[in-house]
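If you want the building blocks of each chain, they are given just below.
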Amino acid sequence: MIFKNKTALITGSTSGIGLAIANDFAAKGANLVINGLGSKAVLDSLCDQITKDHGVVCIHSNANMLVPEEIRNMIHEGYKHFGSIDLLVNNAGIQFVSPIEDFPEEQFNSIIAINLVSSFHTIKSVLPTMKSKGWGRIINIASAHALIASPFKSAYVAAKHGLVGLTKTVALEVATSGITCNAICPGYVWTPLVEKQIPETMKARNLTSQQVIDTVFLAAQPTRKFVLMEDVAALASYLASESASSITGSSISIDGGWTAH
Ligand code: NAD
């Protein structure tokens with residue numbers, strides 16, 4: 001129960017990696033603010049399930065990571081309910097696959113806003129209280145695409161590279177305040193975000209769906225297997241633990257060897 005008496009706010013935690021992190025942190029005693037797009041009924045039932053499984057308090061917010069005001073309100077609600085946010089995981093993210101000449105401007109801007117700029121707003125809002133408590137953990141879910149590029153993912157690659165820059169800068173600014181800030185860089189994890197890329201990638205590369213899985217996704221990973229979302233959650237949990245207090249400003253790969261190429 002290493003996170004007992006701590007509160008975690010995880011953006012984009014109604015699905016995939018974020019939900020796995022929420023469950024992992026709750027299993028270790030953290031109270032939660034979960035977030036994601038979706039109806040009140042869906043968010044209610046996710047929180048109920050987490051409370052039932054782990055006996056922690058869970059509240060939710062459907063704040064849209066595109067809207068700074070909604071992000072600030074979500075953080076405010078977290079403080080109002082729990083008094084502190086000790087663990088912040090910036091995880092919400094979207095993807096769009098297209099050659100840059102055809103890349104819709106609105107999609108490009110949304111990816112930069114959700115995958116990068118929302119983390120600026122969450123971090124800015126939680127730091128004053130983390131600093132006053134002298135303790136905090138900020139974990140940014142970046143990507144292998146924060147370290148290397150692939151064609152047809154200009155917005156995503158730009159946003160994730162930016163997120164690593166933000167991670168390093170924040171780490172330096174809070175290095176003596178008991179707060180760490182790190183990025184996790186997963187390779188392909190089988191989640192709805194990856195599944196949704198299949199039709200777009202089939203079109204951009206003229207491939208079948210199985211060819212996309214074999215020659216685009218898994219070809220990148222020497223292990224030839226998807227990363228498990230539970231393993232990403234376990235890494236986040238370690239970075240949030242006391243033992244990781246000297247790891248800060250780092251970008252940690254969990255990508256089956258992809259970026260070793
Ligand atoms: P997912 O699609 O399963 O989940 C995305 C979550 O973000 C959902 O909870 C969704 O509601 C939320 N979200 C999306 N847009 C939002 C918005 N505007 N406001 C609030 N919430 C919003 O995706 P995932 O695969 O679990 O990805 C989670 C993170 O991990 C993303 O940042 C993604 O870039 C990163 N990542 C994923 C993979 C992978 O292979 N799946 C690899 C590397 C990095």
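Located above this text is the structure these notes cover.
Let me sum up the structure you'll find in this document. If you're wondering where the values come from, they're calculated on a predicted model, not measured in any experiment. Sequence order as written defines the numbering, with residues in each chain counted from 1. For a predicted model such as this one, the threshold for reporting local features is a pLDDT of at least 70, and the threshold for listing and counting side-chain atom pairs is 80 or more; totals across whole chains, interfaces and linings nevertheless cover every residue. Hydrogens are left out, water is left out, and the side-chain values use all remaining heavy atoms of the structure.

### Comments concerning the site of the ligand
Consideration 1: In the vicinity of the ligand, 30 residues are found, and the nearest of them are Thr-14, Ser-15, Tyr-156, Val-189 and Thr-191.
Consideration 2: N or O atoms within 3.5 Å of each other form a polar contact, as long as, within protein, one can give a hydrogen and the other can take it, and as long as residues adjacent in sequence are counted only when both atoms are side-chain atoms. In this structure, an oxygen atom belonging to the ligand sits 2.9 Å away from a side-chain N or O atom of Lys-160.
Consideration 3: We get accessible surface area from the Shrake-Rupley algorithm with a probe of 1.4 Å; when it comes to residues, only the shown protein chains can shield them. Protein chains shield 94% of the accessible area of the ligand, which is 820 Å² for the free molecule.
Consideration 4: A pocket here means an open set of points on a 1 Å grid, computed over the protein atoms alone, that has protein on both sides within 12 Å along at least five of seven lines. A cavity is instead a set of points where a 1.4 Å probe fits but cannot get out; residues with an atom within 4 Å of a point line either one. Throughout, a molecule is located in a cavity or pocket provided that more than half of its atoms lie within 2 Å of its grid points. In this structure the site holding the ligand corresponds to the largest pocket. Each residue is tested against the molecule or strand, and it is near if at least one of its non-hydrogen atoms lies within 4 Å.

### Some details on the layout of surface pockets
In this approach, a probe sized like a water molecule rolls over the atoms, and the result shows the empty space that is left.
Consideration 1: Each pocket or cavity is described by its volume, and for the largest pocket that value is around 890 Å³.
Consideration 2: Lining of the largest pocket is provided by 41 residues; of these, Asn-91, Ala-92, Gly-93, Ile-94 and Leu-193 occupy positions nearest its centre.
Consideration 3: Mapped onto the lining of the largest pocket, the elements with two or more residues apiece are helix H1 (16–27), helix H4 (105–133), helix H5 (154–173), helix H6 (192–195) and helix H7 (197–205).
Consideration 4: Tallied by class, residues from the lining of the largest pocket come to 19 nonpolar, 18 polar and 4 charged. Grid points are joined across faces, edges and corners, and a volume is the space filled by probe spheres set on the points. Each helix corresponds to a stretch of at least 4 residues labelled H or I by DSSP, and each strand to a stretch of at least 2 residues labelled E; elements are numbered beginning at the N terminus. The nonpolar class holds Ala, Val, Leu, Ile, Met, Phe, Trp, Tyr, Cys and Pro. Asp, Glu, Lys and Arg form the charged class, and all remaining residues, Gly among them, are polar.

### What about the packing of aromatic side chains?
Consideration 1: Any pair of Phe, Tyr and Trp rings, taking the six-membered ring for Trp, is counted once the centres come within 6.5 Å. Such a pair is stacked with planes under 30 degrees apart, edge-to-face with planes over 60 apart, and tilted for the rest. The tally for this structure, following the rule as stated, stands at 7 aromatic pairs.
Consideration 2: Between Phe-96 and Phe-103, the aromatic rings sit 5.4 Å apart at their centres with planes inclined by 75°, giving edge-to-face as the arrangement. Taken as a pair, Phe-96 and Phe-103 share a single burial class, namely buried.
Consideration 3: An aromatic cluster is defined as three or more aromatic residues linked by ring pairs; in this entry it consists of Tyr-188, Trp-190, Phe-217, Phe-226 and Trp-258. Each residue is placed in one exposure class: buried if its accessible area under a 1.4 Å probe, protein chains only, is under 20% of its type's maximum, exposed if it is over 50%, and partly exposed if it falls in between.

### Considerations on the pairing of strand E5 (residues 136–141)
Consideration 1: Counting buried residues along E5, 6 of its 6 residues qualify, which places the element largely inside the surrounding structure.
Consideration 2: What you see with E5 is no split at all: Gly-136, Ile-138 and Asn-140 on one side and Arg-137, Ile-139 and Ile-141 on the other are buried throughout.
Consideration 3: Bridge analysis of strand E4 (residues 87–90) against E5 gives 4 bridges, and the strand direction is parallel. What sits directly across from Leu-88, in E5, is Ile-138.
Consideration 4: For the handedness criterion, the β-α-β arrangement of E4, H4 and E5 is classed as right-handed.
Consideration 5: Across 6 bridges, the pairing between E5 and strand E6 (residues 179–186) is parallel. Looking across to E6, one finds that Arg-137 is bridged to Thr-180.
Consideration 6: In terms of handedness, the path from E5 via H5 over to E6 forms a crossover that is right-handed. By the convention used here, strands pair only if DSSP detects at least 2 bridges between them. For the handedness criterion, the strands are oriented away from the viewer, and a crossover whose path from the first strand over the helix to the second runs clockwise is classed as right-handed.

Such coordinate-based values are descriptive only and should not be taken to indicate function.
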